[in-house]
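# Reading the structure
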Amino acid sequence: MIAAATERDPQDVGARALKTLLSSNAPGGLSLAGAYAFGYLALAGAQLDGDGPVWYHEIDPLDALFLGTAWPKTFTDEFEFANARDAWLRLLRGTVHGKGIQRFVRETVTASEELGLPVDDGKLLLALTGRLEAAGLDRRRLPRRLLPEAALQGCRAVYGPSLDLQRPNLPEDARERVKQFWKGTEESWTADTPQAVLRDGLRRFHDAGLPVKQESGVLLPALYAALMTKPGELLEDMGEHATAWAYSLDEASSLVPVLDILLAAPELEMSVADTLGHLFAVPAFTEPIPADALLWTSSPGLALPRLAFELGIPKISTLEAAVTPDLLDWLGMHARMRLSAAARGRAADLEETGSADGMDGMEEKSDERWAERREAVREVVLHKVRKKSGGTLATHRRFNHPVERIWNADGSSVVRISTDTPHGEELKGALKSQRDAFREKFGRDPGPGDPLFFDPDADEPTRLTKEYFDGMMLEMAERAVELGIDPAFIHAWREVGYVVTEETRNMFTTAEVLAYNRALARHRQGGE
């Protein structure tokens, strides 16, 4: 990841600037540029020693800056790191240092474009250092109260909700409402309340043989599983991911009171019935899930693109892909699944070489409460899950649809198309026509690396660009009415990056379906 400097290039300029920033800053007395320098130093040291956590390879410049503000403190894992990062960035919003973060993001994107390097490329990370002083990011020191050590003390994003949380009183009709909750059987792809999504998740867990009416620790993973998970996401990761997701939300989110009850229930040994009863006392339990809960943010590499898009920057180049706003969900999903797969691979390698004991000293735990709290969910849920279902769980029900996406544990996937339905036959015919068009354009059949949907104006097989696709979609939107198509469908497709139909519903998470449905409703009301 970390690039070596050479003469007369941006890395050389960056190396000299790095030395200057390290000498003019110190822990506890950091500018934003100085924090970035210390974060880069931490990454370089981990690379040289070969003992850094696997998630260090996912870090981008904004992550490095935050890492430097906390140096020499380390983080338990990528979830604690990313949630703490986002909580810290929220604290800076509206301050002069928040404006500095915005300038840092702009400088990062500009450097990426000028050097033709992804924002998380090692050469870019070093070259960026040479631009920060000129950008004015070394002029003002962060006050100690805004450094993570002080600013995040007791922060929910890091430590979770207090166990002294004042729970709402049970409603008078709590018993009847809980009874009706279990009787509910509707399965609608437009259901968008925590109550409906949780019921769907519990139904899936029940089908897998889990004690959904006996163990309150099942509730949060069930909500997360039904809302956020792809079918390829392993069950053994679900409890950990659910907790990280629940911690990640801004404390001002309307969903937080719901999640706090679910987080506290297993530790306070609340029964499932009592937990559900308390949930019915929270208005948000029966209201639409807020948009801020529909994205995974608890991984490195996700904050910089979000901030860039807020600033009106249309695209970010990363090592994984060129990211546009409609790909934020895809980026987050791939990050969490890729890191989980990498961690399992590394753990297996260490076990094989007999060096697993060395993991204990790799990172200091920042606070035992985090590990204990997360472990409470894992022990209550995952042990029973492995015992009863062999470690697997179908997070989406199987339907007889012509299109099915098959997911792997690292987030990759393939699409399988069945021809056993009329719609499947139509898709088969469309793909055949596309192959014929490829053959006519290039004089040969498409090979394994060729795009089936190609740029018709290119001389060589070239994938459709985002710009080309957007132009095509806008053209379709202008002609939609005469074609008998609701223009809102096309505008929603452009906004979120996909279209959901009855045939393709099983390819998407509930969170993706909700995002699409809301975009569709917005554009039908005249919003752009």
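Please refer to the structure placed before this passage.
Residues numbered from 1 in each chain as written. Predicted model: local features only at pLDDT ≥ 70, side-chain atom pairs only at ≥ 80, totals over all residues. Heavy atoms only, no water.

Turning our eyes to something else, we now look at the overall build of the protein. For the protein, the count of helices and strands is 21 helices and four strands. Split into buried and exposed, the 528 residues of the protein put 50% on the buried side. By sequence separation, contacts in the protein at least 24 residues apart represent 67% of the contacts at least 6 residues apart. By element, 50% of the accessible surface of the protein is carried by carbon and sulfur atoms, the whole surface being about 24,800 Å². (Helix = DSSP H or I, 4+ residues; strand = E, 2+ residues; numbered from the N terminus. Buried < 20%, exposed > 50% of the residue type's maximum accessible area, 1.4 Å probe, protein only. Contact = heavy atoms within 4.5 Å. Areas by Shrake-Rupley, 256 points an atom, 1.4 Å probe, with all protein chains shown as cover.)

Between two packed helices, the angle of one axis relative to the other and the distance separating the axes together describe the packing. Packing of helix 5 (residues 96–115) against helix 6 (residues 122–132) leaves a shortest axis separation of 10 Å and a crossing angle of 120 degrees. Put simply, helix 5 runs oblique to helix 6. In terms of crossing hand, the pair formed by helix 5 and helix 6 is right-handed. Where helix 5 approaches helix 6, its residues F104, E107, T108, T110, A111, S112, E114 and L115 are matched on the opposing element by L124, A127, L128, R131 and L132. (Axes fitted to C-alpha atoms, helices over the stretch in contact; angles between N-to-C directions. Parallel < 35°, antiparallel > 145°, perpendicular 65-115°, else oblique. Left-handed = near helix turned anticlockwise from the far one by under 90°.)

On to the nonpolar core. As a rule of thumb, soluble globular proteins bury nonpolar side chains together. By size, the foremost hydrophobic cluster in this structure holds 112 residues, and its most contacted members are Y36, W88, I101, L198, L227 and W245. For this core, the element with the highest residue contribution is helix 2 (residues 32–49), accounting for eleven residues. Ignoring sequence-local partners within four residues, the contact set of L198 consists of F181, L219, A222, L223, L276, L279 and F285. Grouped together as the second largest cluster of nonpolar side chains are eleven residues, A488, V496, F508 and V513 included. (Core = buried A, V, L, I, M, F, W, Y, C linked by side-chain atoms within 4.5 Å.)

What follows concerns helix 2. Along its 18 residues, helix 2 runs 26 Å from first to last C-alpha, staying within 8% of the 26 Å computed at 1.5 Å per residue. Within helix 2, 13 of the 18 residues are buried, leaving the element largely enclosed by the surrounding structure. Directly beyond the C-terminal end of helix 2, a positive phi value near 70 degrees is found at G50. (Expected span 1.5 Å × (residues − 1).)

All right, on to the packing of aromatic side chains then. In this structure the tally under the stated criterion is 17 aromatic pairs. Pairing F75 with F81 gives two aromatic rings, centres 5.3 Å apart and planes at 85 degrees, and the pair type is edge-to-face. Neither residue differs from the other here; F75 and F81 are each classed as buried. Aromatic side chains F181 and F280 sit 6.4 Å apart centroid to centroid with 80 degrees between the ring planes, which places their arrangement in the edge-to-face category. Taken together, the positions of F181 in helix 9 (residues 174–183) and F280 in the loop between helix 14 (272–279) and helix 15 (303–310) put the pair 99 residues apart, joining distant regions of the chain. In this structure, F181 and F280 share a single accessibility class: buried. (Phe/Tyr/Trp six-rings, centres within 6.5 Å; stacked < 30°, edge-to-face > 60°.)

Considering the arrangement of structural elements, one finds G449 in the loop between helix 18 (422–442) and helix 19 (466–479). When the C-alpha atoms of G449 and P461 are compared, they prove to be 9.4 Å apart, with twelve residues separating the residues in sequence.

Take unusual backbone geometry next. For the bond from W71 to P72, the omega torsion is 10 degrees, close enough to zero to count as cis. Residue placement: P72 occurs in the loop between helix 3 (61–70) and helix 4 (78–92). At E269, a residue that is not glycine, the phi angle is positive and equals roughly 55 degrees. Position of E269 among the secondary structure elements: in the loop between helix 13 (256–264) and helix 14.

Right, let's talk about the pattern of salt bridges for a bit. Scanning the model with the defined rule gives 22 salt bridges in all. One salt bridge connects D260 with R156, and the closest N-O pair in it is separated by 2.8 Å. One end of the pair, D260, is in helix 13; the other, R156, is in helix 8 (residues 156–159), with 104 residues separating them in the sequence. Here the two residues D260 and R156 agree in accessibility, since each one is buried. Residue D445 is joined to R439 by a salt bridge in which the shortest nitrogen-to-oxygen separation is 2.5 Å. Using a relative accessible area of 48% as the deciding quantity, one classes D445 as partly exposed. Classification of R439 as partly exposed rests on a relative accessible area of 36%. Salt bridges here are not isolated pairs; linked through shared partners, they connect D63, R85, D86 and R306. (Salt bridge = Lys/Arg side-chain N within 4 Å of Asp/Glu carboxyl O.)

Here we take up a nonpolar patch on the surface. A contiguous nonpolar patch, built from L483, I485 and F489 and spanning about 230 Å² of accessible area, is present on the exposed surface. Mapping L483 onto the fold places it in the loop between helix 19 and helix 20 (487–496). Residue classification places L483 among the partly exposed positions, given a relative accessible area of 45%. (Patch = residues over 30% accessible without salt bridge, like charges linked within 9 Å, V, L, I, M, F, W, Y side chains within 5 Å.)

Another point: helix 4. Look at helix 4: 21 Å from first C-alpha to last across 15 residues, which is about the 21 Å you get at 1.5 Å a residue. Extensive coverage of helix 4 is indicated by the burial of 13 of its 15 residues.

Tracing the sequence through the fold places P266 in the loop between helix 13 and helix 14. Once the C-alpha coordinates of P266 and L219 are considered, the two residues, 47 residues apart in sequence, prove to be 9.2 Å apart. When sequence neighbours within four positions are dropped, the list of residues in contact with P266 reads S216 and G217.

Taken by themselves, the reported measurements are silent on function.
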